[in-house]
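# Commentary on secondary and tertiary structure
Chain by chain, the residues run as shown.
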Amino acid sequence: MSYDNIFDASYERVLAAGKDGTDFFESFYRHFLRSSELVSERFLDTDMEKQRRMLKKSFYSLIAFYASGAADNVLEKIAYMHSARELDIKPALYDLWLDSLLATVQDYDPEFNDNVELAWRLVMSLGITYMKFKYDHC
Ligand code: HEM
């Protein structure tokens, strides 16, 4: 099975697996906010329900990058918004983002293993490299 198929199957499983009424994206933000004060301080005034909805939508653009090899309009806008000119999200923070995501996948995917972890890291890598690059190339 190819890595994008392994990813697709795992993504379906994590979306289907509600744990104690907490969905995948809610749990992701719990992990992410706990990962560093540099992260939690950025979300002090944020409506986290809206934030989760926006992330879920933008996830599609991250995944699409892996398949198409290009950023769509949605990801372009998000990258600009996170860049040094706007939100000023330092590239190193994306490593915490990805590690928090994988910690959440580990919790939510009953079939989690090394292959599943690698599939997620590969699928996310192009979009994240793009976001980091755009930090100071907007
Ligand atoms: C690939 C990774 C990421 C994606 C796809 C993503 C996606 C998003 C989206 C869709 C929004 C909402 C945009 C809107 O309101 O129009 C947002 C807002 C935001 N993101 Fe990210 N993000 C990522 C990584 C990060 C990282 C690493 C940080 C570091 C702390 C971060 C901090 C923020 C902040 C502070 C906001 C604004 C929150 C507010 O409106 O109060 N993001 N992000």
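In case you missed it, the structure is sitting above this.
None of the values given here were measured: they were computed from a predicted structure.

Before going further, it helps to examine the overall build of the protein chain. Regarding its fold elements, the protein chain presents 7 helices and 0 strands. Reading the protein chain from its N terminus to its C terminus gives the helix and strand order α-α-α-α-α-α-α. The C-alpha radius of gyration computed for the protein chain amounts to 15 Å, which stays within 12% of the reference 14 Å derived for 138 residues, consistent with globular compactness. If you line up the protein chain on its principal axes, its C-alpha atoms span 40 × 35 × 20 Å. Excluding contacts between residues fewer than 6 apart, the proportion of contacts in the protein chain whose partners are at least 24 apart in sequence is 73%.

Lining the immediate environment of the ligand, one finds 20 residues, of which Arg42, Thr46, Met54, Ser58 and Leu93 sit closest. Looking at the shell around the ligand, the elements that each hand over two or more residues are α4 (48–68), α5 (73–82), α6 (93–108) and α7 (114–134). Ranked by residue count, the leading element in the shell around the ligand is α4, at 4 residues. When grouped by side-chain class, the residues that make up the shell around the ligand number 14 nonpolar, 4 polar and 2 charged.

Within the secondary structure, phenylalanine 28 is located in helix α2 (residues 24–35). The spatial distance from the C-alpha of phenylalanine 28 to the C-alpha of leucine 101 is 5.8 Å, given a sequence separation of 73 residues. Among residues more than four places away in sequence, those in contact with phenylalanine 28 are Ser100, Leu101 and Thr104.

Quick look at the packing of α2 against α6 now. The N-to-C vectors of α2 and α6 enclose an angle of 135°; their axes lie 8 Å apart at closest approach. One element, α2, and the other, α6, form an angle in the oblique class. Here α2 and α6 pass one another in a crossing that is right-handed. Seen from α2, the contacting residues are Phe24, Ser27, Phe28, His31, Phe32 and Ser35; seen from α6, they are Leu96, Trp97, Asp99, Ser100, Leu101, Ala103, Thr104, Asp107 and Tyr108. In the contact of α2 with α6, the residues fall into 8 nonpolar, 5 polar and 2 charged.

Before going further, it helps to spend a moment on the nonpolar core. With 23 residues, the main nonpolar core has Leu75, Ala119 and Trp120 as its most contacted residues. Put simply, the parts of the chain that give this core at least two residues each are α1 (3–16), α2, α4, α5, α6 and α7. For alanine 119, the residues in contact, after removing those within four places along its chain, are Tyr3, Ile6, Phe7 and Ser10.

Before going further, it helps to examine α4. Side chains that are three or four residues apart share a direction in an α-helix, a result of its 3.6 residues per turn. Taking 1.5 Å of rise per residue, 21 residues should cover 30 Å, and α4 covers 30 Å from first to last C-alpha, within 8% of that figure. Residues Ser61, Leu62 and Phe65 constitute the buried set of α4. Where α4 is buried, its residues meet α5 and α7. Just beyond α4, the residue with positive phi is glycine 69, at close to 80°.

So, about unusual backbone geometry. The backbone phi angle of aspartate 88 is positive, close to 60°, even though this residue is not glycine. Since 10 C-beta atoms lie within 10 Å of it, aspartate 88 is described here as exposed.

Reading guide: rules and limits
Residues numbered from 1 in each chain as written. Predicted model: local features only at pLDDT ≥ 70, side-chain atom pairs only at ≥ 80, totals over all residues. Helix = DSSP H or I, 4+ residues; strand = E, 2+ residues; numbered from the N terminus. Rg over C-alpha atoms; globule rule 2.2 N^0.38 Å. Contact = placed C-beta atoms within 7 Å. Near = placed C-beta within 6 Å. Nonpolar A, V, L, I, M, F, W, Y, C, P; charged D, E, K, R; others polar. Axes fitted to C-alpha atoms, helices over the stretch in contact; angles between N-to-C directions. Parallel < 35°, antiparallel > 145°, perpendicular 65-115°, else oblique. Left-handed = near helix turned anticlockwise from the far one by under 90°. Core = buried A, V, L, I, M, F, W, Y, C linked by C-beta atoms within 7 Å. Buried ≥ 20, exposed ≤ 12 C-beta atoms within 10 Å, placed from the backbone. Expected span 1.5 Å × (residues − 1).

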